[in-house]
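Summary of structural features
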Amino acid sequence: MAPAVFVLIWSTGFVAARYGMPHAPPMSFLAWRYLLSIVLLCLWVRVSRVAWPEGWGQWRHLLVAGMLLHGGYLGGVWAAVKLGLTAGAVALIVGLQPLLTAIWLSAQGGRGQIGRWQWLGLALGFGGLVLVVGGKVGTPEISAANLSLALGALASITVGTLYQKRYVLPVDVRSANTVQLIGALLLTAPLALLETESVHWVPQMVGAMVWSVLVLTIGGSSLLVWLIQRGAATQVTSLMYLVPPCTAVLAWALFDEALTAPSLMGAALTVAGVALVVRQSGVVK
């Protein structure tokens, strides 16, 4: 049950972006989100008396990982949504992250070259993406700008995941998450100062902020680490294939985003491709 709850929570992140973006510029929203999350997590760390990462080296690695996993990834996602990309489309694009990570780790590991099933999965994944977004490039829904931002978010979370696997040592999730969010804030705050649009604290904006801080940043991240520590990471990885279609259904129900036949077919191909690569690689846990 817990892995399914995590995936459902993760899917709502794209919905929160759609709720918040009409009322705030993306970097300003995220800067507030990071700042409020840092304050709450610091209080949690203090009350729980958990250990902070040891040594400047681990702090540096966590800051860099935070810049990539939070700053670059969420910055690209929220900016893309602000520029008109639908929640379903951006979820599908960044949903390729497990596929790219699995391909990289398989190629770098001791298991030899990428197998034919993984290449098939890669082709299915990108084929599904082309089917969903290909015919809409240049339209108000998908422009070169918002598509580039979504692809940048995909690159950021992929590199960030690999960086964290390589350099970050095990540490309490509360203190690690706090340091990563500090890194994200260091990256995002200067960009927020360049934005000219004001933040309008209307109910939808407040609701999106509360959900983003409490449920997504604190609850979702903590639940993921809790699951990994208890050996449920494989279940989470398997269910992550459902994030794009789950987001598409939520966006259809809440924002009336179209569920066309090509979109559904493309989503199915992408999900199948990601599932095939991850299962065949056996390296993304």
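Below you will find a few notes about this structure. Since the structure is predicted, the reported quantities are computational estimates derived from the model, not experimental observations.

Focus on the overall build of the chain
Each helix and strand in the chain was counted, giving 12 helices and 0 strands. In sequence order, the secondary structure elements of the chain are arranged as α-α-α-α-α-α-α-α-α-α-α-α. Counting contacts in the chain only where the partners sit at least 6 residues apart, residues at least 24 apart contribute 91% of the total. In the structure as shown, the chain presents an accessible area of about 13300 Å², 69% of it carried by carbon and sulfur atoms.

A short note on unusual backbone geometry
In this structure, arginine 49 is a non-glycine residue whose phi angle is positive, near 55°. By the element assignment, arginine 49 lies in the loop between helix 2 (26–48) and helix 3 (55–82). Judged by its relative accessible area of 76%, arginine 49 is exposed.

A few points about the packing of aromatic side chains
For the structure shown, the criterion picks out 6 aromatic pairs. On the numbers, 5.5 Å between centres and 35° between planes, the contact of phenylalanine 6 with tryptophan 10 is tilted. Here tryptophan 10 and phenylalanine 6 lie together in helix 1 (residues 2–20), a separation of 4 residues that amounts to about one turn. Between the NZ or CZ atom of arginine 18 and the centre of the ring of phenylalanine 255, over which it lies, the distance is 4.3 Å.

Remarks on the environment of valine 81
Inspection of the secondary structure puts valine 81 in helix 3. Sequence-wise, valine 81 and leucine 149 are 68 residues apart; in three dimensions their C-alpha atoms are separated by 9.2 Å. If we skip the residues at most four places from it in the chain, valine 81 touches Ala17, Arg18, Met21 and Val90.

What to know about the environment of leucine 242
Among the structural elements, leucine 242 can be located in the loop between helix 10 (233–239) and helix 11 (243–255). With relative accessibility at 44%, the residue leucine 242 sits in the partly exposed group. Residues leucine 242 and leucine 8, 234 residues apart in the sequence, show an inter-C-alpha distance of 8.9 Å.

Describing the packing of helix 3 against helix 8 (residues 173–194)
To characterise two packed helices, one gives the angle between the axes of the helices and the distance between these axes. Packing of helix 3 against helix 8 brings their axes to within 7 Å, and their N-to-C directions diverge by 65°. Every pair of crossing elements has a handedness; the one defined by helix 3 and helix 8 is right-handed. Contacts between helix 3 and helix 8 involve Trp59, Leu62, Leu63, Ala65, Gly66, Met67, Leu69, His70, Gly71 and Gly72 from the former and Ala176, Asn177, Val179, Gln180, Leu181, Ile182, Gly183, Ala184, Leu186, Leu187 and Thr188 from the latter. Of the residues in the contact of helix 3 with helix 8, the class split is 13 nonpolar, 8 polar and no charged.

Quick word on the side chain of threonine 12
With respect to the helices and strands, the residue threonine 12 is situated in helix 1. Among the polar contacts made by the side chain of threonine 12, one reaches the main-chain carbonyl oxygen of isoleucine 9 at a distance of 2.5 Å. If near-sequence neighbours (up to four positions away) are discounted, threonine 12 is found in contact with Trp211, Leu216 and Leu250.

Considerations on helix 3
Given a rise of 1.5 Å per residue, 28 residues ought to cover 40 Å, and the 38 Å separating the end C-alpha atoms of helix 3 matches this to within 8%. Of all the bends found along helix 3, the most pronounced is centred on methionine 67 and spans about 30°. Looking one or two residues beyond helix 3, the residue adopting positive phi is glycine 84, at roughly 105°.

Some points on the packing of helix 4 (residues 87–94) against helix 7 (residues 144–167)
Between helix 4 and helix 7, whose axes approach to 8 Å, the crossing angle comes to 40°. Classified by the angle their axes make, helix 4 and helix 7 are oblique. Every pair of crossing elements has a handedness; the one defined by helix 4 and helix 7 is right-handed. Where helix 4 abuts helix 7, its residues Val90, Ile93 and Val94 lie against Leu147, Ala150, Leu151, Ala153 and Leu154. Taken together, the residues of the contact of helix 4 with helix 7 break down into 8 nonpolar, no polar and no charged.

Describing the side chain of glutamine 58
As for its placement among the helices and strands, glutamine 58 is situated in helix 3. Looking at glutamine 58, its side chain comes within polar contact range of the main-chain oxygen of tyrosine 167, at 3.0 Å. Discounting residues that sit within four places of it in the chain, glutamine 58 has contacts with Pro53, Tyr167, Val168 and Leu169.

Describing the pattern of salt bridges
Under the defined criterion, the tally for this structure stands at 2 salt bridges. Lysine 82 is the salt-bridge partner of glutamate 197, the closest N and O atoms lying 3.1 Å from each other. Of this pair, glutamate 197 sits in the loop between helix 8 and helix 9 (203–229) while lysine 82 sits in helix 3; the two residues are 115 residues apart in sequence, bridging distant segments of the chain.

Thoughts on the environment of valine 45
Its place among the elements puts valine 45 in helix 2. Accessibility expressed as a relative area gives 3% for valine 45, which makes it buried. Along the sequence, valine 45 and valine 173 sit 128 residues apart, while their C-alpha atoms lie 9.6 Å from each other. Not counting residues within four places of it along the chain, the set of residues in contact with valine 45 comprises Val50, Trp52, Arg174, Ser175 and Thr178.

How each quantity is defined
Residues numbered from 1 in each chain as written. Predicted model: local features only at pLDDT ≥ 70, side-chain atom pairs only at ≥ 80, totals over all residues. Heavy atoms only, no water. Helix = DSSP H or I, 4+ residues; strand = E, 2+ residues; numbered from the N terminus. Contact = heavy atoms within 4.5 Å. Areas by Shrake-Rupley, 256 points an atom, 1.4 Å probe, with all protein chains shown as cover. Buried < 20%, exposed > 50% of the residue type's maximum accessible area, 1.4 Å probe, protein only. Phe/Tyr/Trp six-rings, centres within 6.5 Å; stacked < 30°, edge-to-face > 60°. Lys NZ or Arg CZ within 6 Å of the ring centre and 35° of its normal. Axes fitted to C-alpha atoms, helices over the stretch in contact; angles between N-to-C directions. Left-handed = near helix turned anticlockwise from the far one by under 90°. Nonpolar A, V, L, I, M, F, W, Y, C, P; charged D, E, K, R; others polar. Polar contact = N/O pair within 3.5 Å; in protein donor to acceptor, adjacent residues only side chain to side chain. Expected span 1.5 Å × (residues − 1). Bend = angle between axes of the 7 residues up to and from the residue. Parallel < 35°, antiparallel > 145°, perpendicular 65-115°, else oblique. Salt bridge = Lys/Arg side-chain N within 4 Å of Asp/Glu carboxyl O.

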